[in-house]
Each structure stands twice: as C-alpha cells, then as structure tokens.
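Here are the chains, one letter per residue:
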Amino acid sequence: MFGRSKSRTGASRSPMKSSSRSSSRDENTAPTARPQLSPQKRASLKDIYYEEHKLTDDEIKKRHERLGYDPLDKLIQSERIALNEKKSAWTSKRDRVGKTQKQLEEMHKKEYRDRVRTLLREHIETMAELGIVFHHTFRKDRLGFQILIARYGEEGREYIHVEETMPHSEVWPGPLKPTDELIAVNGKVIMEPSQDRFKDLQKAILRCPRPLKLTFIHGERRDEAFAEQEERRAMRGEDKVVRTSVLDARAACLAAARAAAARSQTASRCATNAGFGSLANAPPIFSPAACVISPADVFVRRPPSLRA
C-alpha cells in the first residue's frame, strides 16, 4: 500500500509527522505506555533518580519505605518552592514585562500546572514499566470502593488513596486493593487534589456515564492492607452474631421479667389473703438482677491475630 522512499540512503519517514500526530492528544491524558517516537529513549524519573540510588524494581515499588519522599514528591516540592519565589517577584516584574500582577500570577500558575502534569505523566510511565499500573472499565453504577485524600509525609504530594474495597465491587478481591492510588479518570490525569477538587471529583465519578475507565497505581503495602481489611470485616461479622445473640437473650430475659412482674402482683394479693402480711415475707418468684446485661457484653471486640 505504501511505496518505498526514493532516497538512496533508505532513510525512514521523518518522525516529525508522528510527533505532531501525538501532540494532538490531550496534554492531560494518562499514558498507557511509554511512546516510542524515536530510537533515542527519553530519560525518565527511573533513569534519573532511581538508577542513582541503584534501586531494583522491587525496591522502587517500596520507594517510600526506602527513600522517604520519592523523586516525584521531591520534584513537586521544588516546583512549589519555585512558584512561591515567583510570587514575590510579581510586583517588581509587573512594570518591566508590561503585565498586571494577575496576569503574571495566572502565567506562573499555568507553568506550574504544566510542569506537575508532565511529572505525573512521567511517573505513570515509570510505574507502568514496572507493571504496577492497571486500568479497569467499570460497567456498574456502584463502584464498590472508598477513596480519600492522602499525603506522603508532611510535605509530600496529595493523591487519591483507595481506603477500602467492598465484596460487591467488580475489582474485589483484585486487581484493586487498599492503598492503591487512583491516578486518572477516563484517561485524564488527576492533578493535586484539594478538598474542593475532591468533592468535584466525587461528583464527576458518580455522575459520569458508564462505562467508566479508571487508572490505578499499586500501593506499596497493598497485600498487607487487603489482609487487614478482610480480617476486620470478618471480626465485624462475628461481632454482629455475638451482639444479636446477646440482644436476643436480653429480650427474652426482659419478657420473663414482665411475666414475673405480672405474676408478682397476683402473688401479692394471694399472700395478703394467705396471711403473710406482705410480699416480702412470701417466697421469691423472680430476681430482676438476672436480667442485667452491661453494654460491654453487647459490643464485643477481639484483638487481631498476631502476624509474623
């Protein structure tokens, strides 16, 4: 279908066309794999930072445990510092560049967002090379997992953290597990989520028509977190059975007390007629103390089992 190039050197078609074609993609789209646009591979976070510390792939997957703040945290921290430094120069630059303070502020914030978006895309590509990025297309309205905003350390980046997965979810018991990160919705990378943005994100996920494609990155202790989640769920099930049996026993005891109270009234009249003078002198029929159940007996808690 395609003819060969007439050049004697046999050079391939210029890569500029493919690069221009790829530039039409939304800049906020989450990459599924590293694009190969030229023979020379662009340096990534893994090449620049992880190789410097001579980390293996397994150690990169546990990067926060090994490094504290990971390279992405540190780079975003440096971008925040640079943005704050630019804020102090907005007034002095205003007259020199011919822009108002508001225009300078918008320009620098846009530069910051573009840089953070690029870093997040590189992070996704690096994690995808390790095989710990996965996508799932949800068909049901109920997704079956709980999310919240989390942060690595005091100054790390904020991200969407999967707190819990439910048995009715399409991705339970896997591939989604607690501590995983929700990084993109329908291919759109989630930028630094604030409280207001998080509310908007929740509404967007709930109202977005299905199918809904979500992208996740494995958490660093996902298997342990999943085991702990299931153990807590099993304990809640056992506690529910115990509470039900205790409450049933209490209800039966109270019913017996009411019946005994009714009988005691009859016995009081009979005792008076029999010459005992009062019910206190009559033989005991029922002890109300047998019905006393403390709240601690109803809400039972068992300590978790030890792990090696």
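A brief structural summary. (Residues numbered from 1 in each chain as written. Predicted model: local features only at pLDDT ≥ 70, side-chain atom pairs only at ≥ 80, totals over all residues. Heavy atoms only, no water.)

**What about helix α7 (residues 195-207)?**
Helix length check: α7, at 13 residues, gives a terminal C-alpha distance of 19 Å against a target of 18 Å (1.5 Å per residue), a fit within 8%. For α7, the set of buried residues is Phe198, Leu201 and Ile205. Viewed along the axis of α7, the buried residues span an arc of 60°, placing them on a single side of the element. Exposed positions of α7 whose direction lies more than 90 degrees from the buried face are Asp196, Leu206 and Arg207. (Helix = DSSP H or I, 4+ residues; strand = E, 2+ residues; numbered from the N terminus. Expected span 1.5 Å × (residues − 1). Buried < 20%, exposed > 50% of the residue type's maximum accessible area, 1.4 Å probe, protein only. Arc of directions from axis to C-beta.)

**Some thoughts on the pattern of salt bridges**
Taken as a whole and assessed by the stated rule, the structure comprises 18 salt bridges. Arginine 233 is paired through a salt bridge with glutamate 164; the nearest N and O atoms lie 3.0 Å apart. Linking arginine 233 in helix α8 (residues 222-274) with glutamate 164 in strand β3 (residues 158-165), this pair joins segments that are 69 residues apart in sequence. Looking at arginine 233, the relative accessible area reads 19%, which means it is buried. One salt-bridge network, held together by shared partners, links Glu164, Glu230, Arg233 and Arg236. (Salt bridge = Lys/Arg side-chain N within 4 Å of Asp/Glu carboxyl O.)

**Remarks on the side chain of arginine 117**
Mapped onto the secondary structure, arginine 117 falls in helix α6 (residues 101-129). A residue is classified by how much of its surface remains accessible, and arginine 117, at 12% relative accessible area, is buried. A distance of 3.0 Å separates polar atoms of two side chains, one belonging to arginine 117 and the other to aspartate 114. (Polar contact = N/O pair within 3.5 Å; in protein donor to acceptor, adjacent residues only side chain to side chain.)

**With respect to the packing of aromatic side chains**
Across all of its chains, the model carries five aromatic pairs by this definition. Arranged with centres 5.9 Å apart and planes meeting at 45°, the rings of phenylalanine 138 and phenylalanine 145 form a pair that is tilted. Taking the relative accessible area as the measure of exposure, phenylalanine 145 reaches 14% and is therefore buried. Considering the side-chain rings of tryptophan 172 and phenylalanine 226, the 6.4 Å spacing of their centres and the 50° angle between planes classify their relative orientation as tilted. With tryptophan 172 in the loop between β3 and β4 (181-185) and phenylalanine 226 in helix α8, this residue pair connects regions lying 54 residues apart in the sequence. Look at tryptophan 172 and you get partly exposed, because its relative accessible area is 27%. Among the aromatic residues, those joined into a ring-pair cluster are Phe134, Phe138, Phe145 and Phe216. Between the NZ or CZ atom of lysine 177 and the centre of the ring of phenylalanine 226, over which it lies, the distance is 5.4 Å. (Phe/Tyr/Trp six-rings, centres within 6.5 Å; stacked < 30°, edge-to-face > 60°. Lys NZ or Arg CZ within 6 Å of the ring centre and 35° of its normal.)

**Here we look at the pairing of strand β2 (residues 145-151)**
With seven bridges joining them, β2 and β3 adopt antiparallel strand pairing. Along β3, the bridge assignment pairs phenylalanine 145 with threonine 165. (Pairing = 2+ DSSP bridges.)

**With respect to the nonpolar core**
By size, the foremost hydrophobic cluster in this structure holds 22 residues, and its most contacted members are Leu120, Met127 and Ile217. A total of six residues in this core trace back to one element, the largest contributor, which is α6. If sequence neighbours within four positions are ignored, methionine 127 has contacts with Tyr50, Ile60, Arg63, Ile132, Val133 and Ile217. (Core = buried A, V, L, I, M, F, W, Y, C linked by side-chain atoms within 4.5 Å. Contact = heavy atoms within 4.5 Å.)

**Observations regarding unusual backbone geometry**
Residue tryptophan 172 is joined to proline 173 through a cis peptide bond whose omega torsion reads 5°. One can find proline 173 in the loop between β3 and β4. Here the residue pair arginine 210 and proline 211 is connected by a cis peptide bond, since its omega of 5° sits within 30 degrees of zero. Following the sequence through the fold, proline 211 ends up in the loop between α7 and β6 (212-217). Of note, threonine 179 is a non-glycine position whose phi angle comes to about 80°, a positive value. Along the chain, the position of threonine 179 falls in the loop between β3 and β4. Even without being glycine, asparagine 186 reaches a positive phi, approximately 55°. Note that asparagine 186 resides in the loop between β4 and β5 (188-189).

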